[in-house]
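Descriptive analysis of the structure
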Amino acid sequence: MITNINKANCTGCGICVDLCNMDVLRLDSSDGKAYIAYLEDCMTCFECALNCPEGAIEVNFIPEFTPSSIVFHQGANDNA
Amino acid sequence: MPDLDRLGEVIETDVLVIGGGLSGLWAANRARDFIENVLIVDKGPPIGYAGEGYFSGGNLQALPPGVNVDEYVKDIVSLGDGLYEQDLVEKILRQSWDRLEDFREMGVGFEEEDGKLKYIPQRGLQHNACYIGKPSGAGGRDMMRGLAGEANKLGVKYLSRLYITDLIKQDNKVIGAVGFNIREEKFYIFKAKAVILAAGGCSFRGGYEDTHMCCGEGIELAFNSGADLFNLEFITMWIIPKKFRWEGVTFLLPLGAVFVNEQGEHFMDRYSPIFKSNCDYNFIARAMAMEARAGRYPFYLDCSDMRPEDKKLMTPAEGWTALMYQQLLKAGIRPFEERQEWTATPWTNSFVYSDHEMRTTVPGLFVAGILRNVDPGIYFGGWSICKTAAFGKWAGESAGIYANSESMPARINDCNIIELKQATYALLGKTGIDPEEVLRELQSVIFPVFILKNETNLTHALKKVEEIRSTILPQAGAPDLHRLAKLKGIHSMVLIAELVLRASLMRKESRASHYREDYPVRDDTNWLKWIKVNNLDGKLNFQYVPLPLDKYKHKTWNCYSDNFKFPKQNV
């Protein structure tokens, strides 16, 4: 998931905001820079980090906020 | 009565394409061969970046020139335990090589070996050819770039961040759609001679990264307009690493990667001595669920025995997979050398029916891409991009020709649009339960019954889904447009979950991806038929449609599921 946008390096070009499939990122109206508006919807696609001209965005491979795989445990698939 | 213009921005187009992924672009580009104005709308990013295919490896099934199509069709029919539209599968395969050539002309790369394109057969079967996107990990991106480049040349128009909520139907025909911008409060009314749905399937926002956007809104739009859905009981499961993302497992398994349980046992060998780990993912997920029940979990993918040259071939070279791979190495995670924990998740499921020219059962409405179901839940690498290319092209052609014979709807019922607009924004600004909470509740109810189904757990899950619809959803709030779109997606998923559970209860046998613990035996006498459903005056209208064997070329087939040793005693 996205972990950080370095505000010092962000120029507010808006590329990351444009490219985010899940609409996680927005531009802050006060300083014109990108911020993480909806962290819970990040799908860890790395698109923002790959395309930031300033290298200001960090995405970590761990999909911490993607809860949605099957949790296998004993009895998990037994009758509810 | 107010003018339409006062309700929102009114846009007229000959053909409206809903969804800007691979198939939406194929469809739009092809429609331009027949008609002037083609517009794509997508809830996501600008042209060339939307949809699942962008994040895929760009691997592609194709029938090599000079190869007998019948053997390929027979292997696919066997994979689905017979429940296939054989003629459609043959039609897809017969044009598949041309699409591969189209992609190459657009500059998309494929791996070569000894001067020939290299392919790897899938799922332990002989007669299929999955061509390998190159550079590894960036094939889908390059396909999207190619198609978007063509679209721009052809003058296809495109609107992003636009969420379509309803199709407009008049005189029993689809004549447009309405939707809202997810970043500014702006309502849109589209008038169109033909509408192509290319909005992807429904992953219930499962954990496989490029399907996370797939809420099934296209399925809901089709259903609400009265179009037929089918194959709802056949959920497709996917397998993913637990602690990172991966693209390309479809080649790791045939190249020697194996699944092991906590005890280090190659457990798939017990479930299928023939295929072992190299089989359809639904069967791996089913084996995982059974192993877990016996206390033998978690599960790992072990790539260590792959040949060094194959590990190199599969190492992500460009794009997001390469960036992630570098991070993994930095964190001391070496996926090719040490076993990694893996699990299962629902993949993109789709259920819309159409004829073989992509006409749904509602005039004016066409379907493309993943949305058009073909398979009873099973999957094999490269098949999606093969199908989306075919369906996109055919839908574009059919819709283009149809639009040429239609005139622009002169008048749209304003009252109807006012109602749709009010319904769209009714939840906006309302405080209440966060949509994320509703989503997690829905997932926790339905995911556990997708693999091992029985009357008891399906009935219980159905009751829970009905509770979510009647008591939790009405309390959900959308403080902003982003959450409004999310909530709309959850509405779609709740509807689809109900249909999946009902169809799963109806099919009292096991076949392909559908496994009923209480009916584990395949029953060809009673169940060589599809379950179809549509919305008839607000009621669920289920119907059985027998497989038309008399008109099919192949009257008998081997059944893929016969190669597995899951319990086969009816309880």
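These lines cover the structure that appears in this document, whether it is placed above or below.

Rules and cut-offs
Residues numbered from 1 in each chain as written. Chains lettered and ligands numbered in written order. Predicted model: local features only at pLDDT ≥ 70, side-chain atom pairs only at ≥ 80, totals over all residues. Heavy atoms only, no water. Helix = DSSP H or I, 4+ residues; strand = E, 2+ residues; numbered from the N terminus. Buried < 20%, exposed > 50% of the residue type's maximum accessible area, 1.4 Å probe, protein only. 1 Å grid on protein atoms, 1.4 Å probe; cavity = no way out; pocket = protein on both sides within 12 Å on 5 of 7 lines; lining within 4 Å. Points joined across faces, edges and corners; volume = space filled by probe spheres on them. Nonpolar A, V, L, I, M, F, W, Y, C, P; charged D, E, K, R; others polar. Contact = heavy atoms within 4.5 Å. Buried area = accessible area lost by both parts, 1.4 Å probe. Salt bridge = Lys/Arg side-chain N within 4 Å of Asp/Glu carboxyl O. Polar contact = N/O pair within 3.5 Å; in protein donor to acceptor, adjacent residues only side chain to side chain. Pairing = 2+ DSSP bridges.

**Description of the overall build of chain A**
The secondary structure content of chain A amounts to two helices and four strands. Along chain A, helices and strands appear, N-terminal first, in the series β-α-β-β-α-β. Expressed as a percentage of its 80 residues, the buried residues of chain A come to 50%.

**A word on empty space enclosed by the protein**
Residue and element names in this part refer to chain B. Scanning the model with the defined rule gives nine cavities of 30 Å³ or more in all. In this structure, the largest cavity is lined by 49 residues; those nearest its centre are Gly-51, Glu-52, Gly-53, Asp-210 and Ile-370. For the lining of the largest cavity, the secondary-structure elements that each account for two or more residues are α2 (22–31), β11 (162–170), α6 (217–224), α7 (249–252) and α12 (383–405). Along the lines of polarity and charge, the residues of the lining of the largest cavity split into 22 nonpolar, 21 polar and six charged. A volume near 210 Å³ is recorded for the second largest cavity. Here the residues of the lining of the second largest cavity sort into six nonpolar, two polar and five charged.

**Side note on the interface of chain A and chain B**
With 39 residues of chain A at the contact, the number on the chain B side is 60 residues. Across the chain A to chain B interface the summed buried area is about 4100 Å²; carbon plus sulfur atoms make up 57%. For the pair chain A and chain B, the interface holds four salt bridges. Notably, a salt bridge pairs Lys486(B) with Asp41(A), separated by 2.7 Å at the nearest N-O pair. For the interface between chain A and chain B, the tally reads 15 residue pairs in polar contact (both at pLDDT 80 or more).

**Things to note about unusual backbone geometry**
All names here are of chain B. Lys-134 connects to Pro-135 through a cis peptide bond whose omega is 0 degrees. Here Pro-135 is to be found in the loop between β9 (133–134) and α5 (139–154). A cis amide bond links Tyr-297 with the next residue in sequence, Pro-298, at an omega value of -5 degrees. Mapped onto the fold, Pro-298 is located in the loop between α9 (281–293) and β17 (299–302). Although it is not a glycine, Asn-172 sits at a positive phi angle of roughly 65 degrees. Tracing the backbone shows Asn-172 in the loop between β11 and β12 (173–181). On the accessibility criterion, Asn-172 (53% relative accessible area) is exposed.

**Some remarks on the pairing of strand β2 (residues 38–41) of chain B**
All names here are of chain B. Residues Val-38 and Ile-40 line one face of β2 and the alternating positions Leu-39 and Val-41 line the opposite face, and both faces are buried. As paired elements, strand β1 (residues 9–18) and β2 share four bridges and run parallel to each other. The residue of β2 that forms the bridge with Ile-18 is Val-41. As paired elements, β2 and strand β10 (residues 157–159) share three bridges and run parallel to each other. What sits directly across from Ile-40, in β10, is Tyr-158.

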